[in-house]
Amino acid sequence: MGPPEAWRRALKSQTRCGWRVPAVFSYIIPECLQRAMLRLLHYLFHTRNYTFIILHLVLQGMIYIEYTWEILGYCQELEVSLYYLLQPYLLLIVNLVFFTLSCVSNPGTITKENESLFLQIYEFDEVMFPKDTRCSTCDLRKPARSKHCSVCNRCVHRFDHHCVWVSNCIGAWNARYFLIYLLTLTASAVTMAVMSTVFLVQLVWSDLYLETYVDDLGHLRVIDIIFLIQYLFLTFPRIVSMLGFVVVLSILLGGYLCFALYLAATNQTTNEWYRGDQAWCQHCPHVAKPWIYRNIHSHGFWSNLREIFVPAAAQVERKKK
Ligand SMILES: [Zn+2]
Ligand SMILES: [Zn+2]
């Protein structure tokens, strides 16, 4: 008996979206489990849902509870300035405001009403964005730098990417919120890592520096780094685990923030950066060698940054008034 119709439909769309179970697993994992995995992946990454938003808030909540529960109290005992101790809360408030804005704001959805306005904003490069093309799903003319988001089922002006963490597209209208959200999230992870490290270093410095211990063989030894790590992990397991997590998070977020700032400074979207190497001349598909994509939208560092915070469409509308 074949799979039910709903499964078949889901599998069809998963194949369209690119989700496939690798051949090696298809022999090991039962077919029903494969279907369940594909459906889960499709739900997580190809539908708008709250899973990653909830996961984001739970992880952030856990880190802040741990910070308030243990590190804040210990740091106060060690007389760390309140100015530094309250920094993570300030960052949290700003971060949550911009996280909410990134989730709920309109990224620049193209509609019949604003289609003609967006068509005037950016020049068509005839490589990545040819003139006079229509979106086959929305049946709207495609402005330069726009893209149809298959998750949200809409065309977005200056489409950057669809972010599962905010369950929204990032486009011309909300790129500024997303950048500040990313900046404050990275800053709060770094601040947490610094505060935890300061606490552990101060503790080691004041209590354990140049102390001795008796090892398993009964020898008197000066405390070394291995002993210190073991001691700290056994005495403060939650703080050390949190420190490890926020350090990894800071590196990942820091790297992504640098990439986002590079794109902002050079006036590129993630979509353009990704497709840059694959751009083919639309009029000569028979030409074997791809055309080199040239970014024609960059107008200098400050002008590019300004475009993130004041979208080009808003600048054009302001000029008309
Ligand atoms: Zn579309
Ligand atoms: Zn989207």
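Residues numbered from 1 in each chain as written. Chains lettered and ligands numbered in written order. Predicted model: local features only at pLDDT ≥ 70, side-chain atom pairs only at ≥ 80, totals over all residues. Heavy atoms only, no water.

Visitor: Run through the overall build of the protein chain, naming residues and quoting values.
Guide: A tally of regular secondary structure across the protein chain gives 13 helices and six strands. The buried share of the protein chain, reckoned over its 321 residues, is 44%. Considering only residue pairs separated by 6 or more positions, the protein chain has 64% of its internal contacts joining residues 24 or more positions apart. Just so you have it, the protein chain exposes about 19000 Å², and 65% of that area is on carbon and sulfur atoms. (Helix = DSSP H or I, 4+ residues; strand = E, 2+ residues; numbered from the N terminus. Buried < 20%, exposed > 50% of the residue type's maximum accessible area, 1.4 Å probe, protein only. Contact = heavy atoms within 4.5 Å. Areas by Shrake-Rupley, 256 points an atom, 1.4 Å probe, with all protein chains shown as cover.)

Visitor: Describe the packing of helix H9 (residues 225–235) against helix H10 (residues 237–265), and please don't skip the residues or the numbers.
Guide: Following both chains from N to C, one finds H9 and H10 inclined at 110°, their axes separated by 5 Å at the closest point. Relative to H10, H9 is oriented roughly perpendicular. On H10, the residues that touch Leu-232, Phe-233, Leu-234 and Thr-235 of H9 are Pro-237, Val-240 and Ser-241. When grouped by side-chain class, the residues that make up the contact of H9 with H10 number five nonpolar, two polar and no charged. (Axes fitted to C-alpha atoms, helices over the stretch in contact; angles between N-to-C directions. Parallel < 35°, antiparallel > 145°, perpendicular 65-115°, else oblique. Nonpolar A, V, L, I, M, F, W, Y, C, P; charged D, E, K, R; others polar.)

Visitor: Give a description of the pattern of salt bridges that names residues and reports values.
Guide: Pairing is possible between side chains of opposite charge, provided their charged atoms come close. Tallied over the entire structure, the rule returns eight salt bridges. With its nearest N and O atoms 3.5 Å apart, the salt bridge here joins Asp-132 to Arg-141. The shortest N-O distance in the salt bridge between Arg-158 and Glu-307 comes to 3.6 Å. With Arg-158 in the loop between strand S2 (154–156) and strand S3 (161–163) and Glu-307 in helix H12 (residues 301–309), this residue pair connects regions lying 149 residues apart in the sequence. Accessibility assignment for this pair places Arg-158 and Glu-307 in one class, buried. (Salt bridge = Lys/Arg side-chain N within 4 Å of Asp/Glu carboxyl O.)

Visitor: Explain the coordination of the zinc ion (ligand 1) to me, using residue names and the numbers behind them.
Guide: Ideal donor angles around a metal are set by the shape: a four-donor tetrahedron calls for 109.5 degrees, a six-donor octahedron for 90 or 180 degrees. All of the protein donors around the zinc ion (ligand 1) are Cys-135 (SG), Cys-138 (SG), His-148 (ND1) and Cys-155 (SG); their distances to the metal are 2.1 to 2.3 Å. Around the zinc ion (ligand 1), the four donor atoms sit at angles spanning 99 to 119°, and that spread fits a shape best called tetrahedral. For the zinc ion (ligand 1), the donor residues sit on a single chain with the sequence spacing C-x2-C-x9-H-x6-C. (Donors = N, O, S within 2.8 Å, 3.2 Å for Na, K, Ca; no water. Tetrahedral: all angles 85-135°; square planar, octahedral: opposite > 155°, others 65-115°.)

Visitor: Please provide a residue-by-residue account of the coordination of the zinc ion (ligand 2), values included.
Guide: Donor atoms from the polypeptide that bind the zinc ion (ligand 2) are Cys-149 (SG), Cys-152 (SG), His-162 (ND1) and Cys-169 (SG), placed at 2.1 to 2.3 Å. Note that the zinc ion (ligand 2) binds four donor atoms; their angles at the metal cover 99 to 128°, and the shape is tetrahedral. We note that the donor set of the zinc ion (ligand 2) lies within a single chain, spaced as C-x2-C-x9-H-x6-C. One end of the pair, Cys-152, is in the loop between strand S1 (147–149) and S2; the other, Cys-169, is in strand S4 (residues 168–170), and 17 residues separate them in sequence. Here Cys-152 matches Cys-169 in class, with each residue buried.

Visitor: Can you lay out the packing of aromatic side chains for me, pointing to particular residues and giving the numbers?
Guide: In the structure shown here, the tally under the stated rule is 15 aromatic pairs. Summarising the aromatic geometry, the rings of Tyr-83 and Tyr-84 are spaced 5.3 Å apart at their centres and angled 75° between planes, so their arrangement reads as edge-to-face. On the accessibility criterion, Tyr-83 (57% relative accessible area) is exposed. Here Phe-301 and Trp-302 contribute two aromatic rings whose centre-to-centre distance is 4.8 Å and whose plane-to-plane angle is 80°, an arrangement assigned as edge-to-face. Judged by its relative accessible area of 43%, Phe-301 falls in the partly exposed class. Since its relative accessible area comes to 68%, Trp-302 is described here as exposed. Over the aromatic face of Tyr-122 sits the side chain of Arg-145, whose NZ or CZ is 4.7 Å from the ring centroid. (Phe/Tyr/Trp six-rings, centres within 6.5 Å; stacked < 30°, edge-to-face > 60°. Lys NZ or Arg CZ within 6 Å of the ring centre and 35° of its normal.)

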